[in-house]
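Spelled out from the first residue to the last, the chains are:
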Amino acid sequence: MTENNSFDTYWPKIDAVPGWMSPGQEKCLFDLVCTLNQQARILELGSFLGRSTVTMAFACHKTRRHIYAVDTFEGNDDDFISGRNEVYWQGNSFLETFKDHLRRDDLLQYVTALQGWTHEIAKHWTMQVDMIFIDAGHTYEAVLQDVDNYFKFVKPGGVVALHDVTPSWPGVERVWQEVVALRLENIGNKGSLYYGRKK
Ligand SMILES: C[S@@+](CC[C@H](N)C(=O)[O-])C[C@H]1O[C@@H](n2cnc3c(N)ncnc32)[C@H](O)[C@@H]1O
């Protein structure tokens, strides 16, 4: 079985994790990770309960690829507050739930959870990455800050992916159009999941 057609086997397990990807986006994300080298380093900004993380971790199965998953695991102060935008979680932190979603499929070995604000983690971040997936704060300022802080760490030819590039999230769409897309080639999308390779 090749990496790519194993997605169908993993799908029920991915689909059991709550999250906000729309149909086909998990497969797209999985396929992007499968294009990376076997030692690839992946940075995820915004993991929530782990739907995208679990998706990418399945594409790390039996490789030395590794995902660094950054999230406050407590929401944020503007667009990601429990009770707003149909966002709900139990208790103050969803970090343990996130880890449980990875543990139950033996995927925690492929993931390091980094709890904190993306801009705080950025102050100490030094590693070059083969792929970045940006899905944390969705305001214009938040997305721009994440791009400013982390784009430089993506290797030339590396994958840059943004979620929620849609008029429903005008800040994300504006950063994609004005800043990110200009620096990429081989651009594609699946719904609001846009991606390309760093020039
Ligand atoms: C849309 S959700 C991520 C969804 C996730 N990728 C999935 O597949 O379900 C956004 C997440 O980013 C986190 N977040 C928002 N702004 C953040 C920031 N500035 N720093 C760290 N995490 C942040 C929130 O806590 C939330 O879990």
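As the structure is a prediction and not an experimental result, all values here were calculated from the model.

### Considering the overall build of the protein
Inference 1: On a plain count of helices and strands, the protein comes out with seven helices and seven strands.
Inference 2: Along its sequence from the N terminus, the protein presents helices and strands in the succession α-α-β-α-β-α-β-α-β-α-β-α-β-β.
Inference 3: For the protein, the spread of C-alpha atoms along the principal axes amounts to about 40 × 40 × 35 Å.
Inference 4: Here the protein, with 199 residues, has 53% of them falling under the buried criterion.

### Things to note about the pairing of strand β6 (residues 184–190)
Inference 1: Relative to strand β7 (residues 193–198), β6 is paired through five bridges, and the arrangement is antiparallel. By the bridge assignment for β7, lysine 190 is matched with leucine 193.

### Structural notes on the packing of aromatic side chains
Inference 1: Summed over all chains, the structure comprises 11 aromatic pairs.
Inference 2: Where tyrosine 10 meets phenylalanine 30, the ring centres are 6.0 Å apart and the plane angle is 55°; that geometry is what we call tilted. Within this pair, whereas tyrosine 10 is found in helix α1 (residues 7–15), its partner phenylalanine 30 is found in helix α2 (residues 25–34), the two being separated by 20 residues in sequence.
Inference 3: The exposure class assigned to tyrosine 10 is buried, which follows from its relative accessible area of 14%.
Inference 4: Members of the aromatic cluster, each reached through a chain of ring pairs, are Phe7, Tyr10, Trp11, Phe30 and Phe58.
Inference 5: A cation sits over an aromatic face here: arginine 174 above tyrosine 140, 3.9 Å from the ring centre.

### As for the sheet that holds β7
Inference 1: An order of β3-β2-β1-β4-β5-β7-β6 is seen for the seven strands of this open sheet, with the pairing classed as mixed. Edge positions in the open sheet fall to β3 (111–115) and β6, since each of these has one partner strand only. The sheet shows a mean angle of 15° between the axes of neighbouring strands, taken without regard to direction.

### Here we look at the site of the ligand
Inference 1: Around the ligand lies a shell of 20 residues, among which Ser52, Asp71, Asn76, Thr118 and Asp135 are the nearest.
Inference 2: A distance of 3.3 Å separates an oxygen atom of the ligand from a polar backbone atom of phenylalanine 48.
Inference 3: At 2.8 Å, a side-chain N or O of serine 52 approaches a nitrogen atom of the ligand.
Inference 4: For the ligand, the accessible surface in isolation is 600 Å², of which the surrounding protein chains cover 96%.

### Re the state of the cysteines
Inference 1: Throughout the structure, instances matching the rule amount to zero disulfides.
Inference 2: Of all cysteine sulfurs, the one in cysteine 34 lies closest to cysteine 28, which takes part in no disulfide; the gap is 11 Å.
Inference 3: Free of any disulfide, cysteine 60 has its nearest cysteine sulfur in cysteine 34, 8.7 Å distant.
Inference 4: Residue classification places cysteine 60 among the buried positions, given a relative accessible area of 0%.

### Examining α1
Inference 1: Of all the residues in α1, the buried ones are Phe7, Tyr10 and Ile14. One side of α1 carries all its buried residues, which in axial view fall inside an arc of 65°. When the buried face of α1 is taken as reference, the exposed residues oriented beyond 90 degrees from it are Asp8 and Pro12.
Inference 2: Next to the buried residues of α1 lie α2 and α3 (51–58).

About the cut-offs
Residues numbered from 1 in each chain as written. Predicted model: local features only at pLDDT ≥ 70, side-chain atom pairs only at ≥ 80, totals over all residues. Heavy atoms only, no water. Helix = DSSP H or I, 4+ residues; strand = E, 2+ residues; numbered from the N terminus. Buried < 20%, exposed > 50% of the residue type's maximum accessible area, 1.4 Å probe, protein only. Pairing = 2+ DSSP bridges. Phe/Tyr/Trp six-rings, centres within 6.5 Å; stacked < 30°, edge-to-face > 60°. Lys NZ or Arg CZ within 6 Å of the ring centre and 35° of its normal. Axes fitted to C-alpha atoms, helices over the stretch in contact; angles between N-to-C directions. Near = heavy atom within 4 Å. Polar contact = N/O pair within 3.5 Å; in protein donor to acceptor, adjacent residues only side chain to side chain. Areas by Shrake-Rupley, 256 points an atom, 1.4 Å probe, with all protein chains shown as cover. Disulfide = S-S within 2.5 Å. Arc of directions from axis to C-beta. Contact = heavy atoms within 4.5 Å.

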